[in-house]
Amino acid sequence: MIFIFYGFAILSLVVGTAAIYMTLIQSFPVQWLYYHYFIRKPFTWGILVGGGVATVLITWQTGEFPLWTLLPLMLMGLAVVLAYRMHQESAFKAVDFPVMADDRSNLLLQDDMQLGVIEYNGVTKAYPLDYVIHHHIINDRFGDRLVALTYCAMCHSIIPFDVSDIGPLFVGSFKNANMIVADRKTKTFFQQATFESIIGRLHPRTLTMIPFQILPWAEVKQLSPCPQLVKVTKQDFKEFQLPVPGIWKNILASEFTPGLSATKRDTTFPARTRVVGIIDNIAQPQVAYLKEELLTQGVITNDELDVVLVAVNNTVLGFKRSVAGTPVNITLNADNTLADISSGTVWDIRGKYMAGEVTADLMPIAISDEYWFSWKLFHSGSTLIRL
């Protein structure tokens, strides 16, 4: 009997911790992660309850409490806790409909902090990325539309999706060093980097990405009007950690890509070399630039795609080069406004019209500022343009 107790305790621990090791070992198929999401809680609870009932029966039959059951029962209880706490859904708990700040002066934002700025459906909101990274997903309303801002810390891919028709997203799992997101209604799994569904009731389906921009607070606070800002506190800016303290810094300082084997990783550049890829539909095939080279150049025009990339304060923004059918030649002014050389038209850093002959906003394009290993894995057919 004692071996049976310990056998079930070990089995419970195997199931309770599977969300970790199955994401790190690439040979485990993603389908296993999907089904594990559903069984982990009832399975571990079932073993714990079964162990408790068996202990009661043994006590009733023998008239003496079996002390040897305490350790396996504790292990079963630990497995239940791990089934909840060690799953990505709990480790990175998504936020639904965060409160917007009434007074931006109390937000403890530093000028170099980067914010994701989303303008959609007539609403503009901004979210400090140092806040978003702790949750990985922020679900928020933009008028009558629902947007999920997703941030995979491991590959530094930041993508907002319009999820009005399927509802809020949460962190479903992790595979190939990239977050898997899932909708709460059907629990369908989607690969964040590709937008494509993997398994579930909605499969096959593609999430709808919406353009957004990343800007430092130094630029955002000068915008007129200033976007709505999510209410954050000092606690929201605590240092990001994985469930095992200290391991995150070691990962960032190495070539290690958890969940992605070295044989599947492109080694042309170090794993965490930052690249800026154009993921807008106008780029077929997609193209990417080394971020360091963009920051050095400042303004880059891609005539073939008719786009312009503008680098300012360690961020990169992308716009269509033609405005209302008229090609413009964008330059970056000393005050970080944008100007057309020929017409003298001026836009703010987000491409909003300020003054001049071309009375229209610049149209932003969707770009991704992420790590090289992730970009190359999920955009294998893309072209790298060197400057």
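For clarity, every value in this text was computed on a predicted model and none was experimentally measured.

Enumeration according to the criterion identifies 13 aromatic pairs in this entry. Both rings, one in Tyr34 and one in Phe38, keep their centres 5.1 Å apart while their planes meet at 75 degrees; by these two values the pair is edge-to-face. In this pair, Tyr34 and Phe38 are both assigned in helix α3 (residues 30-62), four residues apart and thus about one turn of the helix distant. We classify Tyr34 as buried; its relative accessible area is 9%. Judged by its relative accessible area of 37%, Phe38 is partly exposed. Centre to centre, the rings of Phe269 and Trp372 are 5.0 Å apart; their planes meet at 85 degrees, and the pair counts as edge-to-face. Of this pair, Phe269 sits in the loop between α8 (247-252) and β14 (274-278) while Trp372 sits in helix α10 (residues 372-378), placing them 103 residues apart in sequence.

As a further point, take the sheet that holds strand β8 (residues 178-183). As summarised here, the arrangement of the four strands in space is β7-β8-β9-β10, forming an open sheet in which the pairing is antiparallel. The two strands at the open ends of the sheet, each matched to only one other strand, are β7 (169-175) and β10 (197-199). Taken over all neighbouring pairs, the strand axes of this sheet differ in orientation by 40 degrees on average, direction set aside. Inspection of the sheet shows β8 paired to strand β9 (residues 189-191) by three bridges, in the antiparallel sense. Across the sheet, the residue bridging to Ala182 is Phe189, located in β9. Most of the contacts of α3 go to β7, to which it runs at about 135 degrees, and overall it touches β7, β8, β9 and β10.

A cluster of nonpolar side chains, Met1, Ile2, Phe3, Ile4, Phe8, Ile10, Leu11, Val14 and Trp68, forms an exposed patch at the surface whose accessible area comes to about 890 Å². Tracing the backbone shows Ile4 in helix α1 (residues 2-16). Given a relative accessible area of 47%, Ile4 falls into the partly exposed group.

With that settled, consider the pattern of salt bridges. Applying the stated rule across the entire model yields 14 salt bridges. The partner of Asp96 in a salt bridge is Arg184, and the shortest N-O contact between them spans 2.7 Å. Taken as a pair, Asp96 in strand β1 (residues 95-96) and Arg184 in the loop between β8 and β9 lie far apart in primary sequence, 88 residues in all. Within this structure, Glu119, Arg350, Lys352 and Asp361 form a network of salt bridges that share partners.

About the cut-offs
Residues numbered from 1 in each chain as written. Predicted model: local features only at pLDDT ≥ 70, side-chain atom pairs only at ≥ 80, totals over all residues. Heavy atoms only, no water. Phe/Tyr/Trp six-rings, centres within 6.5 Å; stacked < 30°, edge-to-face > 60°. Helix = DSSP H or I, 4+ residues; strand = E, 2+ residues; numbered from the N terminus. Buried < 20%, exposed > 50% of the residue type's maximum accessible area, 1.4 Å probe, protein only. Pairing = 2+ DSSP bridges. Axes fitted to C-alpha atoms, helices over the stretch in contact; angles between N-to-C directions. Contact = heavy atoms within 4.5 Å. Patch = residues over 30% accessible without salt bridge, like charges linked within 9 Å, V, L, I, M, F, W, Y side chains within 5 Å. Areas by Shrake-Rupley, 256 points an atom, 1.4 Å probe, with all protein chains shown as cover. Salt bridge = Lys/Arg side-chain N within 4 Å of Asp/Glu carboxyl O.

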